[in-house]
Amino acid sequence: MSLLSRMTAPAAGHDVARLVAALLSEGAREARAALPGRAASRPSRVPTGPTGLGTSAARVTAAPDPAASGTAAPDSAASGTAASDAAVPELYCPPPLRDDPALAAEVNERLLDWAAETGIYVGRLERVRATDFGRLMMLAHPGTDDPRRLLAAARCALAEWATDDYYCDDETMGSRPEVLGSHLGLAYTAMDPTHPPLRYAQQTDQGLRADPVRVALRDSFARLAPYADRTQVTRLRQEVAALFVAYGQEGAWRAEERMPAVWEYLAHRQVNSFVPCLALIDVVDGYALTAAEYDDPRVRRAVTMAGTASTLVNDLYSMAKEQHSAGLDFNLPTVVAAEERCSPREAVERSVEIHDELVRTFEVEAAALTLTGSPALGRFLAGVWSWLGGNREWHGGSARYHDASRA
């Protein structure tokens, strides 16, 4: 199933996780508020430290999230009970920090106009509209109200998803496993321009313009440039290159008709994840995290765990639809069920446990990094925390925007 189909899959028939507030560090919040360009009305929130039984002494002073509904448990940053099915496991995840439908709609319409200009998803733009990527950007990037910055991130994301749809796993859009590698190699040159001899320059340019995915990738990077410095563009290019490697890995599984082991799938999901979206948090919010801090192994560990966790949310929300797919599809519950020979419900519960462990570990380690790192790092990690909440909220509400019969 294509990634667009996964993203448009309906939410489960229950509310997987009705979440309450994260406890926040006042010191970290004040440091972030002092940064230039920070909107006072949109404070980012960052977890405060260890959670769970016996960890209260290790937690920094915190204040409840004023946006929360309900009462937060002292040792829980985010928890909840499924409203319509109490047996469904909860997801440990922060709540979204805002919901601005008008801003989401504006970004979504501009994104559709851009998609039409580049030629991606011809004849399927209403499906893209229903997916409502503008709402995802609005929810996941609460640090800015500027639709232009949100649109810059949305273009990059849609171009990446189009790469998956056209090249990797949607035969109705022309994907064929035998040419996947050559497609991805040329797609990379759209982001990192090739420099051929003059004799071949015109052919190279024509070749890149002949494919709508390459057009979208090249144009999304070009339109990101006014908002990002050189190191930020390089960072995104590296993350997308790794994403392309993971696309090739999944293509091999499909060609072999092989279900990966759980450990192998999780390693894959760290790369085939929302990390390229997370990499743009500072760009969207209008500041720059240094390359040294972004590449710090401790920061890298925290960010990639958050990227994996956010993508497992997609796995959980799309799995019901994938059960009816004719081909071989991959999501964590399916892989767990195949390896452990357990029921679908047990596989879901174990998948939720994996998700929650990743989020809790991110919470603890991000808190420590926030207290010892620069204000920009604290702001970036708070943005990752906010992204997790917005991402889950968008997935949980996707049924409101898409008719399952059309996916």
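What counts and what doesn't
- Residues numbered from 1 in each chain as written.
- Predicted model: local features only at pLDDT ≥ 70, side-chain atom pairs only at ≥ 80, totals over all residues.
- Heavy atoms only, no water.
- Helix = DSSP H or I, 4+ residues; strand = E, 2+ residues; numbered from the N terminus.
- Buried < 20%, exposed > 50% of the residue type's maximum accessible area, 1.4 Å probe, protein only.
- Phe/Tyr/Trp six-rings, centres within 6.5 Å; stacked < 30°, edge-to-face > 60°.
- Lys NZ or Arg CZ within 6 Å of the ring centre and 35° of its normal.
- pLDDT = per-residue confidence, 0-100.
- Contact = heavy atoms within 4.5 Å.
- Axes fitted to C-alpha atoms, helices over the stretch in contact; angles between N-to-C directions.
- Parallel < 35°, antiparallel > 145°, perpendicular 65-115°, else oblique.
- Left-handed = near helix turned anticlockwise from the far one by under 90°.
- Nonpolar A, V, L, I, M, F, W, Y, C, P; charged D, E, K, R; others polar.
- Salt bridge = Lys/Arg side-chain N within 4 Å of Asp/Glu carboxyl O.
- Arc of directions from axis to C-beta.
- Core = buried A, V, L, I, M, F, W, Y, C linked by side-chain atoms within 4.5 Å.

## Here we look at the environment of A376
Then step 1. Position of A376 relative to the elements: it lies in helix α18 (residues 375–396).
Then step 2. With relative accessibility at 15%, the residue A376 sits in the buried group.
Then step 3. As a C-alpha pair, A376 and L289 span 87 residues in sequence and 5.8 Å in three-dimensional space.

## With respect to unusual backbone geometry
Negative phi is the rule for most residues except glycine; trans is the rule for most peptide bonds.
Then step 1. In the Ramachandran plot, Y121 falls in the positive-phi region, its phi being about 60° despite a non-glycine side chain.
Then step 2. Within the secondary structure, Y121 sits in the loop between α3 (101–118) and α4 (125–131).
Then step 3. Relative accessible area serves as the criterion here: at 0%, Y121 is assigned to the buried category.
Then step 4. Even without glycine at this site, E257 takes up a positive phi of about 50°.
Then step 5. You can see E257 is positioned in the loop between α10 (230–256) and α11 (262–271).

## Thoughts on the packing of aromatic side chains
Then step 1. What the rule picks out here adds up to nine aromatic pairs.
Then step 2. Ring geometry for F274 against W387: centres 5.2 Å apart, planes inclined by 45°, an arrangement best described as tilted. Taken together, the residues F274 in the loop between α11 and α12 (275–278) and W387 in helix α18 connect sequence positions 113 residues apart. For the pair F274 and W387, a shared accessibility class is recorded, and that class is buried.
Then step 3. The rings of F133, W161, F274, W387 and W394 are connected pair by pair, giving a single aromatic cluster.
Then step 4. The positively charged end of R235 is found above the aromatic ring belonging to Y294, 4.3 Å away from the centroid.
Then step 5. The ring centre of Y92 lies 3.7 Å from the NZ or CZ of R360, which sits over that ring.

## A closer look at the confidence of the model for the protein chain
Then step 1. Overall, the predicted model of the protein chain reaches an average pLDDT of 79, with 72% of residues at or above 70.
Then step 2. Counting interchain partners and residues more than four positions distant, the pLDDT-below-50 stretch residues 8–88 has 178 contacts.
Then step 3. Every residue in residues 399–407 is under pLDDT 50, and counting partners more than four places away or in other chains gives 17 contacts.

## Some words on the packing of helix α9 (residues 212–224) against α10
Then step 1. Running from N to C, α9 and α10 point in directions that differ by 155°, and their axes come no closer than 11 Å. Classified by the interaxial angle, the pair formed by α9 and α10 is roughly antiparallel. Classified by chirality, the crossing of α10 by α9 is right-handed. Between α9 and α10, the contacting residues are L217, F221 and L224 on the first element and V233, L236, R237 and F244 on the second.
Then step 2. For the contact of α9 with α10, the class distribution of residues is six nonpolar, no polar and one charged.

## A look at the pattern of salt bridges
Then step 1. Across all of its chains, the model carries 20 salt bridges by this definition.
Then step 2. In this structure, D146 and R148 form a salt bridge, with 3.1 Å as the shortest nitrogen-oxygen distance.
Then step 3. Owing to a relative accessible area of 18%, D146 belongs among the buried residues under this scheme.
Then step 4. R301 serves as the salt-bridge partner of E365, at 2.8 Å between the closest nitrogen and oxygen.

## Some points on α11
Then step 1. Buried within α11 are the following residues: V262, E264, Y265, H268 and R269. Looking down the long axis of α11, one finds its buried residues gathered within 160° of arc, a one-sided arrangement.

## Brief notes about the nonpolar core
The tendency in soluble globular proteins is for nonpolar side chains to be buried as a group.
Then step 1. With 92 residues, the main nonpolar core has I120, L158 and F362 as its most contacted residues.
Then step 2. Here the element with the most residues in this core is helix α6 (residues 147–169); it accounts for 14 residues.
Then step 3. Excluding residues within four positions of it along the chain, L158 makes contact with L111, W114, A115, I120, Y121, V128 and F133.
Then step 4. In this structure, L91, V313, L316 and Y317 belong to the second largest nonpolar core, which totals seven residues.

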